[in-house]
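Residues per chain are reported as follows:
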Amino acid sequence: MGVTLTSRRTFLQATVRSSVALPLLTSFGVAGSAVAGTVTGMAKAESSLCLFEADAAMGADMAAGVRQMGLAYQMLTLDEASGWHAMMDALASARGRALAVLGRPATVFAVRNMLEPGWRVVLEARHHRLAGGEMSHEFTGLETPMAQLSGWVDRVKDPAQYAVVLASMGRGDLSSGAERKTLDLTSPAWPGGDLVSLLAWPKGAV
Amino acid sequence: MEAVLPPGIKREQFAALVADLQKVVGREHVFTDAQWELPAYNDAYLTTPAELHQPSAAVAPANVEELQRVLEVARHYKAPLWTVSTGKNFAYGGPAPRKAGYIVLDLKRMNRILEVNEKHGYAVVEPGVSYLDLYRHLQKIGSKLWVDCAAPGWGGVLPNMTEHGVGYTPYGDHVTMQCGMQVVMADGTIVNTGMGALPGSQTSHLYKYGFGPSVDGLFTQSNFGVVTQIGIWLMPEPPGYRPYMITFEKESDLHAITEVLRPLKVNMLVPAVAMTVEMLWEAAVQVTRRDYYTGKGPIPDSVRKKMRSDLKIGAWNFYGALYGPPPMMDNTWEVVRDAFASIPGAKFYFDEDRPADDAAWQYRKKLGAGIPNMTEYSVMNWIPNGAHIDFSPISPVTGDDATKQYELIRDRCNKAGFDYCGEFAVGWRDMHHIFCLTFDRYDAKQKARANKLFGELVDAAAAAGYGEYRTHIDFMDRIAGTYNWNDSALLRMHEKVKDAVDPSGILSPGKMGIWPKSMRKGRA
């Protein structure tokens, strides 16, 4: 791609202008006619829901990022009953859509426990900083979404950019016998602490 | 993970069993896919191989009628069921069954709030109602009743009570606050306990004991029936609420704190389930271990001191609250403050004295007013891939006992390379001592050490005369075995009851060490 991604804004501009997110979307079942449109239009058609922790690093940037992509999102918090209820409402209204979740490990673990067995968690990643300052990304899940994401990981600079890529991955389609694999990658350091992300598809997609 | 079968059931029979369950609840509410569905019924915090607790299927009835038909199917095939509902029960086995092959009976869909009685202060709920659900409902209808919740608000009102859980307000002893119960027995019979046995009863949820033996307790922490409804008393919003925190400088202050507290508690000057919390629990809610220390083994004293200073916490931290009209709270506070002020170094805080970003204070302040939240779950961020099993002995409210239990656990856990992270929940005459044994769930060696340590703690506590109130599925037999006075007379009585009320042995075999006759040889 040869794009230097210096900020969330340039990342998004690059994503939208060159439609770099399109391969991700097309590979997960977005209709051909939608691919011909803008990223925003496509995202609405496929309509992933992005859940990310409000008080994790760059929560506000994540919100701006997914908004610009036209994706639905819901902030997560463990601290307020109203936030938990908002998440549960979002999940209830998200039937049939893919979910991208990003937050601190305990938060994502808690969300995962509210998803299953209604959703299929097709990919989970642990993102933590190594002693040398690099970011480690440990993926577990299905090969197809893992392969798609792995091509992006060394290009995203922070959790906000990662959230945009993750959320752009719509609902997938594959056989139930698909094998789970693991993949370890590194990237330049992200700001903030350890994070976990996951991608879940609705029951029936798998 | 490979699919497993219920014990003693062949593959063809299992297929027929699943088909029969699907006829009862619909295909979408019978889960058999080992890759995508059944992991939801595993325990992510196991210290033993997951294969030991892998369910063969899960079934989720929507109502009592469906539940009765599920029981009929289970009796027909002699298939063991493992009852769970909402709430997660992490630290005690999560939704995972005691043994591989059981079918998880998931009551999450039975989630109706059947009644809120504002006048008499109670609610009637089904098993799938969480504290967050009930709180939301009370807010929606403008109720002036409070919930008393578990620290993670996703806990279930009914299942937390049946597991003898406690909360944080004056209504924190959940078993005490339960009144009236509906149980479906293994043979499908529906039983209303207490006053509810009277047709048209006006007092099902007002008087606990009914006429004749009071049997509600038989259905808590047991496998004698499936509890499908309870009445739970709710505290009316008081005219005033003023939570407080008292910090103590020294580890050895635990003795004095407990001695000062006992008369305050017994005389109801500390009306709520108060908490004496060790510093690492406080820290783990808001920072990570790596923020302060990257070495192995227990955190050194010098580092602990810096954490206390940064976070404005003590070696021990006491949380209580005043309830009532302001003049009453003022008077009570004078007594409480003066009593604890006798401990050198005690520092007193109200809401306005704590930093606004103090996550530990903020969530405990909410808990004391029955406002559910999930903040305490952040403790699992303390170490990478954080997981925990809780060792939970009961202690008398004395300085000697608190110190003895604390040292018994601390020394063994430090020797095993773990930090002590724990708290004492102070009830009417006892303390639930909760030691949160935290480990990396992807580190096989740590898990093995945690498992070994836990067993050592069970034995050491029993030898000192302390028993646990609740435990992880892997330790149910071991702990049941410590309650062995008079040749295990209590366990033998439990087994007689089990054989009488569940002769097919289908309900949660092995729960709390109680096995049906056909499986007693399998006791681990």
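All values reported here derive from a predicted model rather than from experimental measurement.

## Focus: unusual backbone geometry
Reasoning step 1: Across the junction of A:Glu116 and A:Pro117, the peptide omega takes the value 5°, indicating a cis bond.
Reasoning step 2: Checked against the element boundaries, A:Pro117 lands in the loop between helix 7 (105-115) and strand 4 (119-129).
Reasoning step 3: For B:Asn89, which is not glycine, the phi torsion reads 60° and is therefore positive.
Reasoning step 4: Inspection of the secondary structure assignment puts B:Asn89 in the loop between strand 3 (81-84) and strand 4 (103-106).
Reasoning step 5: Judged by the 21 C-beta atoms lying within 10 Å of it, B:Asn89 is buried.
Reasoning step 6: Phi at B:Gln221 is positive, roughly 45°, even though this residue is not glycine.
Reasoning step 7: Residue position: B:Gln221 is located in the loop between strand 9 (190-192) and strand 10 (226-233).

## Some details on the domain arrangement of chain B
Reports often express the size of an interface as the amount of accessible area lost when the parts come together.
Reasoning step 1: Examined at the domain level, chain B breaks down into domain 1 (11-106), domain 2 (113-236), domain 3 (241-472) and domain 4 (483-522).
Reasoning step 2: Just the C-alpha atoms count here: the centres of domain 3 of chain B and domain 4 of chain B sit 35 Å apart.

## Observations regarding the confidence of the model for chain A
All names here are of chain A.
Reasoning step 1: Predicted confidence across chain A gives a mean pLDDT of 75, with 69% of residues reaching 70 or more.
Reasoning step 2: Per-element mean pLDDT across chain A ranges from 29 in helix 3 (residues 32-35) up to 94 in helix 7.
Reasoning step 3: In this model residues 1-6 is a low-confidence stretch, pLDDT under 50, and it forms 8 contacts with partners more than four residues away in sequence or in other chains.
Reasoning step 4: Note that pLDDT drops below 50 for residues 11-45; the model gives that stretch 54 contacts with residues more than four away or on any other chain.

## Re the packing of helix 1 (residues 11-25) of chain B against helix 2 (residues 64-77) of chain B
All names here are of chain B.
Reasoning step 1: At a closest axis distance of 9 Å, the pairing of helix 1 and helix 2 adopts a crossing angle of 165°. Relative to helix 2, the element helix 1 lies roughly antiparallel. Seen from above, helix 1 lies across helix 2 with right-handed handedness. Here helix 1 contributes Gln13, Leu17, Asp20, Leu21, Val24 and Val25 to the contact with helix 2, which in turn contributes Glu66, Arg69, Val70, Val73 and Tyr77.

## Digging into the pairing of strand 14 (residues 316-323) of chain B
All names here are of chain B.
Reasoning step 1: Burial within strand 14 is extensive, with 8 of its 8 residues counted as buried.
Reasoning step 2: Covered by surrounding structure in strand 14 are Trp316, Phe318, Gly320 and Leu322 together with Asn317, Tyr319, Ala321 and Tyr323, the residues of both alternating faces.
Reasoning step 3: Here strand 12 (residues 241-248) pairs with strand 14 via 8 bridges, running antiparallel. Bridge pairing in strand 14 links Met245 to Tyr319.

## Topic: the nonpolar core
Reasoning step 1: Formed by 204 residues in total, the largest nonpolar core has its most connected members in A:Cys50, A:Ala100, A:Ala163, B:Val59, B:Val70, B:Ile232 and B:Leu437.
Reasoning step 2: With 7 residues, helix 9 (residues 159-167) of chain A is the single largest residue contributor to this core.
Reasoning step 3: Filtering out sequence-adjacent residues up to four positions away, B:Leu437 remains in contact with B:His388, B:Ile389, B:Asp390, B:Phe391, B:Cys413, B:Phe418, B:Ala450, B:Leu453 and B:Phe454.

## Some points on the environment of B:Ile389
Residues and elements named next belong to chain B.
Reasoning step 1: Here Ile389 lies in strand 16 (residues 386-391).
Reasoning step 2: Residue Ile389 is classed as buried on the basis of its 28 C-beta neighbours within 10 Å.
Reasoning step 3: Placed 342 residues apart in sequence, Ile389 and Thr47 show a C-alpha to C-alpha distance of 8.6 Å.
Reasoning step 4: With sequence-adjacent residues up to four places away left out, Ile389 is seen in contact with Tyr45, Thr47, Ala91, Leu437, Ala450, Phe454 and His472.

## Considering the packing of helix 6 (residues 81-93) of chain A against helix 3 (residues 131-140) of chain B
How two helices pack is summed up by the angle between their axes together with the distance between the axes.
Reasoning step 1: Their axes nearest at 11 Å, the elements helix 6 of chain A and helix 3 of chain B cross at an angle of 100°. The orientation of helix 6 of chain A with respect to helix 3 of chain B, classified from their angle, is roughly perpendicular. Note on element contacts: helix 3 of chain B touches helix 6 of chain A through B:Leu132, B:Tyr135 and B:Arg136, opposite A:Ala81, A:Trp84 and A:His85.

## Side note on the interface of chain B and chain A
Reasoning step 1: On the chain A side, the residues contacting the 26 residues of chain B number 20 residues.
Reasoning step 2: Going through the elements one at a time, helix 3 and helix 11 (359-368) of chain B are the ones with two or more residues in the side of chain B that touches chain A.
Reasoning step 3: When residues of the side of chain B that touches chain A are assigned to their parent elements, the largest contribution, 3 residues, is made by helix 3 of chain B.
Reasoning step 4: Broken down by class, the residue content of the side of chain B that touches chain A amounts to 13 nonpolar, 9 polar and 4 charged.

## Details of the pairing of strand 19 (residues 430-440) of chain B
Residue and element names in this part refer to chain B.
Reasoning step 1: Across the 11 residues that make up strand 19, a large majority, 9, are buried.
Reasoning step 2: For strand 16 and strand 19, the ladder comprises 6 bridges, and the chain directions are antiparallel. Residue pairing for strand 19: Gly386 is matched across the bridge by Asp440.
Reasoning step 3: Bridging between strand 17 (residues 394-396) and strand 19 involves 3 bridges; their strand directions are antiparallel. Note that in strand 19 the partner of Ser395 across the bridge is Met431.
Reasoning step 4: Across 5 bridges, strand 18 (residues 422-426) lies against strand 19 in antiparallel orientation. In the strand pairing of strand 19, Val426 is matched with Met431.
Reasoning step 5: Counting the residues that bridge the hairpin from strand 18 to strand 19 gives 3 residues.

The rules behind each value
- Residues numbered from 1 in each chain as written.
- Chains lettered and ligands numbered in written order.
- Predicted model: local features only at pLDDT ≥ 70, side-chain atom pairs only at ≥ 80, totals over all residues.
- Helix = DSSP H or I, 4+ residues; strand = E, 2+ residues; numbered from the N terminus.
- Buried ≥ 20, exposed ≤ 12 C-beta atoms within 10 Å, placed from the backbone.
- Domains from an automatic or database assignment.
- pLDDT = per-residue confidence, 0-100.
- Contact = placed C-beta atoms within 7 Å.
- Axes fitted to C-alpha atoms, helices over the stretch in contact; angles between N-to-C directions.
- Parallel < 35°, antiparallel > 145°, perpendicular 65-115°, else oblique.
- Left-handed = near helix turned anticlockwise from the far one by under 90°.
- Pairing = 2+ DSSP bridges.
- Core = buried A, V, L, I, M, F, W, Y, C linked by C-beta atoms within 7 Å.
- Nonpolar A, V, L, I, M, F, W, Y, C, P; charged D, E, K, R; others polar.

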